[in-house]
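Below are the chains, spelled out letter by letter.
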Amino acid sequence: MTSFPGPYRARVVLWTGIGLVLFKLWLVSAQTVCAIGPAAVDDRLFLTLARELLRGDWLGKYNQLTLAKGPMYSLWVAGTFLSGIPLFTAQHLLYAAMCGLLVQAMRPMVASRWVLLLVFAVVLFNPMTYEAAVHGRVLRQNIYHSCAIGTLAGLVALYSRRNAPWKSLVGWVLLAGFSFGAFWLTREEGVWFTPLAALLFAWLLLTIRRESRQRFIPRSLFLLSAPGLFLGVVGTVCALNLYYYGIYTTVEFKAAPFMDAYGALCRVTPKKWRPYIPVQREVRERIYAVSPAFAELRPYLEGSLGDAWSGPGEATYGIEPGKKEIAGGWFMWALRDAASLAGHCKSGAGAMAYYQRIADEVNAACDDGRLAAGPRRSGFLPVWNARIWPQFLQSLGKASRFFVTLDGFTVTPVRSVGPPDLLVLFSDMTRERLSPESGPNPLPQQRWLDKVRLKVLGGIGHLYVVSIVPLAVLAGFAWLVACLADIGRRRVSFWTVLNLGMICSAALLIGANALIDATSFPSVNTGAFTACYPLYLLFLFTSWFQLHSAMESGPAREQRNEA
């Protein structure tokens, strides 16, 4: 087959890739959607906001949840609903398209189409795109990996085609800018991806300057339109939120007043440090006495609302029941719910003004000595205590093993939960079958075929699980040898920069989730690492590309002048 003439070989590779996409779509169509009706701050929230978008009222009437999470997934749900394509089918198509663009971006730097087809196949069948526990739900993780790959594809293409005519680069600039904007608006912890994106973009500009100083300024100004598009996408959402809700932000968890209020509350020193509890009940009682704004929340945080939000922490960490000690992963939500019940969430501007009052009053009490406290702080990083170290190191090891081994993979469907009126929303907005399907043995032939497809899908995923560690060890060895060769020859290739960026980003994501797991709530799961799994699979190949480049005799020839 490799003896085919070039044009025929390209067609064979193309149609093989299309066949792989169709095969995956056929397999995953056997999966049903796990609808979690009571998930008011997750699954159901995204669908509710999407429904408001379809009604033409942006994200709907303001409440404490309207700007709690990035709007990108709700925009995606609304768009796919209008298209008539079932939600999960559209998500798999988007992922396949981004995988195709990624290998096309690498085409000028990789001579063999068959190698690129293998890269495409391995990343395409990433088992964490059809894992059921998280990716079988209506969650934003289902497009997060696609946004990451789209950003990476755009940046890789801009490098590999840096000497191509400007017109041929417009599409890749648009892809990089819009994908990164969508990525940033999907989840709030997108900073983990910035080492990779920043390194690639900086290397692109540095390479252009090194190759031709005359072309550097006009070419770099053109390429800067990619981060400009990113800022434009994010700025547009901020402007819409300002117009509708009076607050210029993407989400309120990134808004300074809310971050300041949370930071001020956590600043107060407890009488006795306890793990997982950022603002203990005795701390709250002391703050009520000096902050009239925070005291307005006392009936709720110390009432039935406090009971409801302390329950998850009690079940997860064995915290004493009935004491209203709210663990870290849930306190921020309890604070917002309490503010809403106190009447401060009628508008975004009003809510932010209230949170700022809390921040100012608590900080003032800390500064003048009425409250024992540490230095001023803003945001959600926990106050560090030396006793956190053992748990953090344990979580770091757990997170690393979980990620590297592809732990948590399953295709077993999870049961939908919730009253029928809420489950209707899921069926309606997704156009998908919910799990489990009701009735006495309905559609037996389809059930039989679904079982066959799920068995094949599970087998493919299991193949990844059993082979990933040996392949990763080999890839790590190749990367280490390549790095040593680069150091010896004092030459850095594009693959070196790409691999370094992916390793740094993966390490940052693993470390961040380990910290969350050790201090706030369980954060070692497939959803936490969803956008990093494609980078992990890609590294299995790019490490060898780096080694090949490092071992080349003569000047490296990464650019093959192919558009």
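First, a word on scope: everything that follows refers to the structure included in this document. Model, not experiment: these values are computed from the prediction.

## Considering the overall build of the chain
Part 1: A tally of regular secondary structure across the chain gives 23 helices and 0 strands.
Part 2: Against the compact-globule benchmark of 24 Å for 563 residues, the chain has a radius of gyration of 25 Å, which places it among compact chains.
Part 3: Expressed along its principal axes, the backbone C-alpha trace of the chain runs to roughly 80 × 65 × 45 Å.
Part 4: Every one of the 563 residues in the chain was classed for burial, and the buried ones make up 54%.
Part 5: Put simply, the chain shows about 24,200 Å² of open surface, and 65% of that area lies on carbon and sulfur atoms.
Part 6: Between the centroid of the 53 positive side chains of the chain and the centroid of its 34 negative side chains there is a distance of 9 Å.

## What to know about a nonpolar patch on the surface
Part 1: Among the surface-exposed residues, Phe 23, Trp 26, Trp 448, Val 452 and Val 456 lie close enough to one another that they form a single nonpolar patch of about 470 Å² accessible area.
Part 2: Breaking the nonpolar patch down by element, the ones donating at least two residues are helix H1 (6-28) and helix H21 (444-489).
Part 3: Counting residues per element, the nonpolar patch draws most heavily on H21, which supplies 3 residues.
Part 4: With respect to the helices, strands and loops of the structure, Trp 448 is situated in helix H21.
Part 5: For Trp 448, a relative accessible area of 53% translates into the label exposed.

## A word on the side chain of Ser 146
Part 1: Tracing the backbone shows Ser 146 in helix H7 (residues 141-160).
Part 2: On the accessibility criterion, Ser 146 (1% relative accessible area) is buried.
Part 3: Dropping the residues within four chain positions of it, Ser 146 is found in contact with Gln 91, Leu 94, Tyr 95 and Met 98.

## Considerations on unusual backbone geometry
Part 1: Geometrically, the link from Ser 435 to Pro 436 is a cis peptide bond, its omega value of -10° lying close to zero.
Part 2: With respect to the element layout, Pro 436 can be found in the loop between helix H20 (420-430) and H21.
Part 3: A positive phi angle, near 50°, is found at Trp 58, a position not held by glycine.
Part 4: Considering the arrangement of structural elements, one finds Trp 58 in the loop between helix H2 (43-54) and helix H3 (72-83).
Part 5: A residue is classified by how much of its surface remains accessible, and Trp 58, at 9% relative accessible area, is buried.

## With respect to H20
Part 1: Buried within H20 we find Leu 422, Leu 423, Leu 425, Phe 426, Met 429 and Thr 430. Looking straight down H20, one finds that the buried residues subtend no more than 145° of arc, so they occupy a single side. Of the residues in H20, the exposed ones pointing more than 90 degrees away from the buried face are Pro 420, Asp 421 and Val 424.
Part 2: At its buried positions, H20 is contacted by H2, H3 and helix H4 (87-106).
Part 3: Note on H20: the residue one or two positions beyond its end, Arg 431, has a positive phi of about 60°.

## What about the pattern of salt bridges?
Part 1: One pass over the full model with this rule turns up 20 salt bridges.
Part 2: Note that Glu 189 is salt-bridged to Arg 187, the shortest N-O span being 2.8 Å.
Part 3: Residue classification places Glu 189 among the partly exposed residues on the basis of a relative accessible area of 25%.
Part 4: Since its relative accessible area comes to 15%, Arg 187 is described here as buried.
Part 5: For the salt bridge of Asp 367 with Arg 267, the shortest nitrogen-to-oxygen distance reads 2.6 Å. Of this pair, Asp 367 sits in helix H18 (residues 348-367) while Arg 267 sits in helix H12 (residues 256-267); the two residues are 100 residues apart in sequence, bridging distant segments of the chain.
Part 6: When salt bridges that share partners are traced, they join Arg 267, Asp 367 and Arg 376 into one network.

## A closer look at the packing of H12 against H18
Part 1: Axis separation between H12 and H18 bottoms out at 8 Å; the angle between their running directions is 30°. One way to sum up the angle between H12 and H18 is to call them roughly parallel. Considering the relative orientation of H12 and H18, their crossing is left-handed. Each of Pro 257, Phe 258, Asp 260, Ala 261, Ala 264, Leu 265 and Arg 267 in H12 lies in contact with H18, whose residues at this interface are Met 352, Tyr 355, Gln 356, Ile 358, Ala 359, Val 362, Asn 363, Cys 366 and Asp 367.
Part 2: Of the residues in the contact of H12 with H18, the class split is 11 nonpolar, 2 polar and 3 charged.

What counts as what
- Residues numbered from 1 in each chain as written.
- Predicted model: local features only at pLDDT ≥ 70, side-chain atom pairs only at ≥ 80, totals over all residues.
- Heavy atoms only, no water.
- Helix = DSSP H or I, 4+ residues; strand = E, 2+ residues; numbered from the N terminus.
- Rg over C-alpha atoms; globule rule 2.2 N^0.38 Å.
- Buried < 20%, exposed > 50% of the residue type's maximum accessible area, 1.4 Å probe, protein only.
- Areas by Shrake-Rupley, 256 points an atom, 1.4 Å probe, with all protein chains shown as cover.
- Lys, Arg positive; Asp, Glu negative; His and termini not counted.
- Charge placed at Lys NZ, Arg CZ, Asp CG, Glu CD.
- Patch = residues over 30% accessible without salt bridge, like charges linked within 9 Å, V, L, I, M, F, W, Y side chains within 5 Å.
- Salt bridge = Lys/Arg side-chain N within 4 Å of Asp/Glu carboxyl O.
- Contact = heavy atoms within 4.5 Å.
- Arc of directions from axis to C-beta.
- Axes fitted to C-alpha atoms, helices over the stretch in contact; angles between N-to-C directions.
- Parallel < 35°, antiparallel > 145°, perpendicular 65-115°, else oblique.
- Left-handed = near helix turned anticlockwise from the far one by under 90°.
- Nonpolar A, V, L, I, M, F, W, Y, C, P; charged D, E, K, R; others polar.

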